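Understanding the architecture of this molecule
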Amino acid sequence: MDIARRSRLACLAVAMLLAFAGGDAHKAPVHHAHGHAAAARHKPPAPPAPSDEPGVLRATLPNGLRVILVRNTLAPVVSTAVNYLAGGDDTPDGFPGTAHAQEHMMFRGSPGLTADQLANIGSVMGGNFNANTRESLTQYLFTVPAEDLDIALHIEAVRMQGVLNTKEDWEKERGAIEQEVAQDLSSPSYRLYQELRSRLFKGTPYEHVALGTRPSFDATTADQLKAFYDAWYAPNNAILVIAGNLDLQATMDKVRALFGPIKPKKLPARRTFKFAGPQASSFTLDTDRSGATSVLAMRWPGLENPDFPALEVLADVLGSHRFDLYGLVPQGKALDADFSLDPLPKASLAYATVSFPAGGDPKAIEAETRAILARVARDGVPAELVEAAKLQEQRATEFQKNGIEDIAAVWSDAVALYGLHSPNDDYARISKVTVEEVNRVARKYLDLDHAVSAVMIPQGSGSPVASKATFGGQEKFGTGESKPTELPDWAQAALGRLEVPPSTLSPVVSTLPNGITLIVQPEDVSQTVSVYGHIRNRPETEAPPGKEGVSLVLDQLFSYGSESLDRLAFQKALDDIGASESAGTEFAVHVLAPDFDRGVQLLADNQLHPALPEKAMRTIQSQLVRLIASRNISPSYLASRSIRTGLYPANDPSLRDAMPDTIGSLGRTDLLDYYRKVFRPDLTIIVVIGKISPAEARGTIEKYFGDWKATGPKPEVDLPLAALNLPNSIAVPDQSRVQDSVVLAQNFWLNRAHPDFYALQLGNSVLGGGFYSARLSIDLRKDAGLVYSVGSQLQVGRTRGNYYVQYASDPQNVGRAQAIVVRDIKAMQTTPVPDDELALSKMLILRQIPLSEASIPDIARGMINRAELDLPLDEPWRAARRIIDLKPADVQAAFKKWMRPNDFVRVTQGPTPQ
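What counts and what doesn't
- Residues numbered from 1 in each chain as written.
- Predicted model: local features only at pLDDT ≥ 70, side-chain atom pairs only at ≥ 80, totals over all residues.
- Heavy atoms only, no water.
- Helix = DSSP H or I, 4+ residues; strand = E, 2+ residues; numbered from the N terminus.
- Rg over C-alpha atoms; globule rule 2.2 N^0.38 Å.
- Buried < 20%, exposed > 50% of the residue type's maximum accessible area, 1.4 Å probe, protein only.
- Contact = heavy atoms within 4.5 Å.
- Areas by Shrake-Rupley, 256 points an atom, 1.4 Å probe, with all protein chains shown as cover.
- Lys, Arg positive; Asp, Glu negative; His and termini not counted.
- Charge placed at Lys NZ, Arg CZ, Asp CG, Glu CD.
- Pairing = 2+ DSSP bridges.
- Axes fitted to C-alpha atoms, helices over the stretch in contact; angles between N-to-C directions.
- 1 Å grid on protein atoms, 1.4 Å probe; cavity = no way out; pocket = protein on both sides within 12 Å on 5 of 7 lines; lining within 4 Å.
- Points joined across faces, edges and corners; volume = space filled by probe spheres on them.
- Nonpolar A, V, L, I, M, F, W, Y, C, P; charged D, E, K, R; others polar.
- Salt bridge = Lys/Arg side-chain N within 4 Å of Asp/Glu carboxyl O.
- Core = buried A, V, L, I, M, F, W, Y, C linked by side-chain atoms within 4.5 Å.
- Parallel < 35°, antiparallel > 145°, perpendicular 65-115°, else oblique.
- Phe/Tyr/Trp six-rings, centres within 6.5 Å; stacked < 30°, edge-to-face > 60°.
- Expected span 1.5 Å × (residues − 1).
- Arc of directions from axis to C-beta.

1. Here's the deal with the overall build of the protein
- Counting its regular elements, the protein contains 34 helices and 25 strands.
- Against the globule reference of 29 Å for 914 residues, the protein gives a C-alpha radius of gyration of 27 Å, in line with a compact fold.
- Overall, the C-alpha framework of the protein stretches about 70 × 65 × 55 Å when taken along its three principal axes.
- Scored against the burial criterion, the 914 residues of the protein give a buried share of 62%.
- A sequence separation of at least 24 residues applies to 84% of the contacts in the protein between residues at least 6 apart.
- Here the protein has roughly 32,800 Å² of accessible surface; of this, 52% comes from carbon and sulfur atoms.
- On the protein, the mean spot of the 94 positive side-chain charges and the mean spot of the 106 negative ones are 2 Å from each other.

2. Description of the side chain of Thr220
- As for its position among the elements, Thr220 is in the loop between helix 8 (214–219) and helix 9 (222–232).
- Those residues in contact with Thr220, other than ones at most four positions away along the chain, are Phe95, Trp170, Arg174 and Leu225.

3. Re the environment of Ala297
- If you trace the backbone, Ala297 turns up in strand 10 (residues 291–301).
- Spatially, the C-alpha atoms of Ala297 and Val600 are 38 Å apart, while their sequence positions differ by 303 residues.
- If sequence neighbours within four positions are ignored, Ala297 has contacts with Leu196, Leu200, Leu349, Ala350, Tyr351, Ala451 and Val452.

4. Looking at the sheet that holds strand 21 (residues 728–733)
- Strands sit in the order 14-21-25-22-24-23 across an open sheet of six strands; the sheet is mixed. The open sheet has two edge strands, strand 14 (465–466) and strand 23 (790–796), and neither has a second partner.
- Where helix 28 (residues 757–768) meets the sheet, its contacts fall on strand 23 and strand 24 (801–809), and the angle it forms with strand 23 comes to roughly 170°.

5. Section: the layout of surface pockets
- What the largest pocket holds in volume is close to 590 Å³.
- Of all the secondary structure elements, the ones that give two or more residues to the lining of the largest pocket are strand 2 (66–71), helix 15 (404–417) and helix 16 (424–431).
- Here the residues of the lining of the largest pocket sort into nine nonpolar, eight polar and six charged.

6. Regarding the environment of Ile177
- For Ile177, the location among the structural elements is in helix 6 (residues 167–185).
- Residues Ile177 and Ala101 lie 76 residues apart in sequence; the distance between their C-alpha atoms is 7.3 Å.
- In this structure, Ile177 is in contact with His100, Ala101, His104, Trp170 and Phe217, ignoring residues within four places of it in sequence.

7. Digging into the pattern of salt bridges
- Within the structure shown, the criterion is met by 52 salt bridges.
- For Arg375, the salt bridge is made with Asp324, and the minimal N-O distance between the two is 3.8 Å. Here Arg375 is found in helix 13 (residues 362–379), whereas its partner Asp324 is found in helix 12 (residues 324–327), with 51 residues between them in sequence.
- Put simply, Arg536 and Asp870 hold a salt bridge, and the shortest N to O gap is 3.0 Å. Within this pair, whereas Arg536 is found in the loop between strand 17 (528–535) and helix 19 (539–542), its partner Asp870 is found in the loop between helix 32 (856–868) and helix 33 (875–885), the two being separated by 334 residues in sequence.
- A relative accessible area of 55% means that Asp870 is categorised as exposed.
- One connected set of salt bridges, linked through shared partners, spans Arg536, Asp718, Arg798, Glu868 and Asp870.

8. A few points about the pairing of strand 6 (residues 129–133)
- For strand 6, the tally of buried residues reaches five of five residues, placing the bulk of the element in the interior.
- Burial along strand 6 is two-sided: Phe129, Ala131 and Thr133 facing one way and Asn130 and Asn132 facing the other are all buried.
- Pairing between strand 6 and strand 7 (residues 138–145): five bridges, direction antiparallel. Paired with Thr133 across the bridge in strand 7 is Thr138.
- In textbook terms, the turn of a hairpin is the stretch between consecutive antiparallel strands, and for strand 6 and strand 7 this stretch comprises four residues.

9. Here's the deal with the pairing of strand 25 (residues 905–910)
- Strand 25 sits mainly inside the fold: six of its six residues count as buried.
- Residue alternation in strand 25 divides its side chains into two sets, Val905, Val907 and Gln909 and Arg906, Thr908 and Gly910, and both sets are buried.
- By the bridge criterion, six bridges tie strand 21 to strand 25 in an arrangement that is parallel. The residue of strand 25 that forms the bridge with Ser729 is Arg906.

10. Concerning the nonpolar core
- Of all hydrophobic cores here, the largest spans 64 residues; its most connected members are Trp300, Leu314, Leu325 and Phe339.
- A total of eight residues in this core trace back to one element, the largest contributor, which is helix 11 (residues 308–318).
- Beyond its immediate stretch of four places on either side in the chain, Leu325 contacts Leu318, Ala337, Asp338, Phe339, Ala352, Val354, Thr369 and Ile372.
- Formed by 54 residues, the second largest nonpolar core is a distinct cluster that contains Leu518, Val520, Tyr674 and Ala697.

11. Considering the packing of helix 3 (residues 98–105) against helix 9
- Where helix 3 contacts helix 9, the two axes come as close as 9 Å, and the packing angle between them is 90°. The pairing of helix 3 with helix 9 is recorded here as roughly perpendicular in orientation. From helix 3, Thr98, Ala99, Ala101, Gln102 and Met105 reach across to helix 9, where they touch Leu225, Lys226, Phe228 and Tyr229.
- Residue classes in the contact of helix 3 with helix 9 are distributed as six nonpolar, two polar and one charged.

12. As for the packing of aromatic side chains
- Going through the model one piece at a time under the given rule, you end up with 21 aromatic pairs.
- A centroid spacing of 6.4 Å and a plane angle of 50° characterise the contact between Phe107 and Tyr140, whose relative ring orientation is tilted. Of the two residues, Phe107 is situated in the loop between helix 3 and strand 4 (109–110) and Tyr140 in strand 7; the sequence distance between them amounts to 33 residues. Tyr140 carries the same exposure label as Phe107, and that label is buried.
- Aromatic side chains Phe748 and Trp898 sit 6.2 Å apart centroid to centroid with 75° between the ring planes, which places their arrangement in the edge-to-face category. One end of the pair, Phe748, is in strand 22 (residues 740–748); the other, Trp898, is in helix 34 (residues 888–898), and 150 residues separate them in sequence. The exposure classification of Phe748 matches that of Trp898, with both residues buried.
- One aromatic cluster is present, formed by Tyr84, Phe107, Phe129, Tyr140, Phe142, Tyr229 and Tyr233 through successive ring pairs.

13. Notes on helix 27 (residues 694–705)
- For helix 27, which comprises 12 residues, the first-to-last C-alpha distance of 16 Å matches the rise-based estimate of 16 Å (1.5 Å per residue) to within 8%.
- Of all the residues in helix 27, the buried ones are Ala697, Thr700, Ile701, Tyr704 and Phe705. The arc enclosing the buried residues of helix 27, seen along the axis, measures out at 105°, which places them on a common side. Those residues of helix 27 that are exposed and aimed more than 90 degrees away from the buried face are Ala695 and Lys703.

14. Considerations on the packing of helix 28 against helix 34
- Relative to each other, helix 28 and helix 34 sit at 95°, their axes nearing to 8 Å. In terms of orientation, helix 28 and helix 34 fall into the roughly perpendicular class. Residues Ala759, Leu760, Leu762, Gly763, Asn764 and Leu767 of helix 28 lie in contact with helix 34, whose contacting residues are Asp890, Val891, Ala894, Phe895 and Trp898.
- Grouping the amino acids of the contact of helix 28 with helix 34 by side-chain chemistry returns eight nonpolar, two polar and one charged.

15. So, unusual backbone geometry
- Even without a glycine there, the phi angle at Leu612 is positive, about 50°.
- For Leu612, the position within the fold is in the loop between helix 22 (596–608) and helix 23 (614–631).
- Overall, Leu612 belongs to the buried group, its relative accessible area being 3%.
- You will see that Asp870, though not glycine, has its phi angle at about 60°, which is positive.

Okay, here's the thing in structure tokens:
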């Protein structure tokens, strides 16, 4: 599998398992992703850039800092990644979270750069700064407008020279990091992953993930953290990667000037690894999700082993939708199935994951999985799947160029984690793997006799109950306004720039004769083309009465191919060109540019002529009936349902949920009727983006989608206005959580076209837009340590809107945190936001505009979202002018008019709030 995918698997392995169980995740503005990858270290300095490496400039400074610059002109944006080759593997015995804690403390200030200055500068540059702690790597990441690169480099140079790590700051940050621990311990999938690690890597540093534990953090001191920093944070133990729209030589000169004077250090000895023989074992965990999950895990060799490239291909083959493991899905034995490889330098975690409905037989699922893998170990894998895996790797290597932030991440992982010269080296070694090598490593490493098996079993929740909406009493600290902070000289220039940012987009928009809105955006950063499609739809208003859930069944049937190509033949056709494709009301295909015509042909065949086989429909129906029955008693569903019932009246369309009986009553005719009603070209938006001309794109889309016709009147796809909600507090019990997940919500009669939207957007940025510079984050995390993260969201559609505040906290702090949220919103209504604080939020919003163009998927999704809301494609730039002109009084008036903090619906999931 490609480096980008492996990176995501490594950092988000827990999230993957969560997804199998029916969960989801979101990215916070700053996320400490204590992930599960690791660095291959002690590699020699990178050699000079070869002549066949255009757009790349390398250097190793005299102090040992390795620098890699990668030019990509997709957007006026750059990403920086400082990779310190130290992480969870290097922590003292008994203190597994030391590296993670030090990562947190890097945001608490350094000599010459206070925490407030760092927070304000981060907001000025768009608020996209991030950090990851892994086993043997800690990363600090910025994605900023290209004109702010100098500021990002100054920050990282200052932080490489020193850190404050005061006792007072650690006392505050300890509360936040312990909330992060509680948040992860509230995830059954995280506990599952940790248990697998502890069993397969027992007695080694890999035994623990880099997160840390509450007891260890309670015992950790600021002096210990400073000692860790002093030992490992050094230029000769770091790799700096910068990607984006940059002048290579000028950037290298700036790096030399800022980082060159930093002195190297003598690094401590690394910890040693000694693996005991793996022991077969099994365990079971309860989960609050609606589906069950079976995992069969093995210890495989790591990145340093010469067999690793063949193991990568083997893992891809085992995860192929044409392979027998996924074949359990169309057989009706599983809801989903996959095979994953989580690589570390010394060893890797390889695991098959199969999800199935609650009430299924986990032993039977495990037996099927074992039998499939045993056949591979005995008989080998199909040669055509090996070639398909290698072709997909080739395509993925090219697609890695389609996002500036992704480029920095992929290069960082290739060099710092995999010990490669560049990401291309990964495909180069995979391309040499033979079928014989794959079969050899399958025989050697598919060691089922020493595998660890695990099952997550859904456990229903108690019914939601009314909860006492305690507000925790009067808080002693003031509103968390972003205080005026004098910035360093090198950051002053950014503060003076309050202007509409430039755009590199020039979309060509047309309407096809059948009503399709076609948007074409040529890009030449890679030899790829992507097609993104969206049909304006809403199952809540379009499904006939008693047929709720018809959209769920139909959506799953698209994976069974077309009228001309069955499931396996269709997947083979995609594999033949290394394409990825999906159909439905959201549809897409991603191909190398020479294969654009064939890719669109396959997409249209699947989208316009789906097979919808009766046998598969009955299989999916049966599974969904059981899954929905389990979902209906799951805490996550009950929490979501409680939010909606709290916000809307009983007859609101948003409360129309699929039920076992409505799904069980469906026939194939119901699916066909729904398909003809919903799937219409005159409600469809298609974006084509990549290495292609507008004329070629239109010609190909018209060639394959031009005969698509709509019949009958357009269906209703807008939700009606709803009465304003009343205050309510609901507690959903969830025994799997040690921490409460909290949502505060209100509705309002505001649509996206209303002129007050921008004032509310700006005010919401003051409350929750930046990390330590936003009021809610300052009050709830930075000053009080009540939460790990807090977010606020203004969700407004064509007809109505909602406002949400989300956080997670210990049960005894739920009310205290809500009191602070309510107080901060009321302060927005009674007191104008100071001019300097409002200016910071304006800069944050303005700088986020170019950041939204920094990847091809983001560009396409942004265009589709704006078209869906009937907004012009250049709406962000028009909005920028309106944001600049807003005054404190405008924000105050909008909050007075629309916000009702005393009327929040509060829904908690977890222990009963105290």
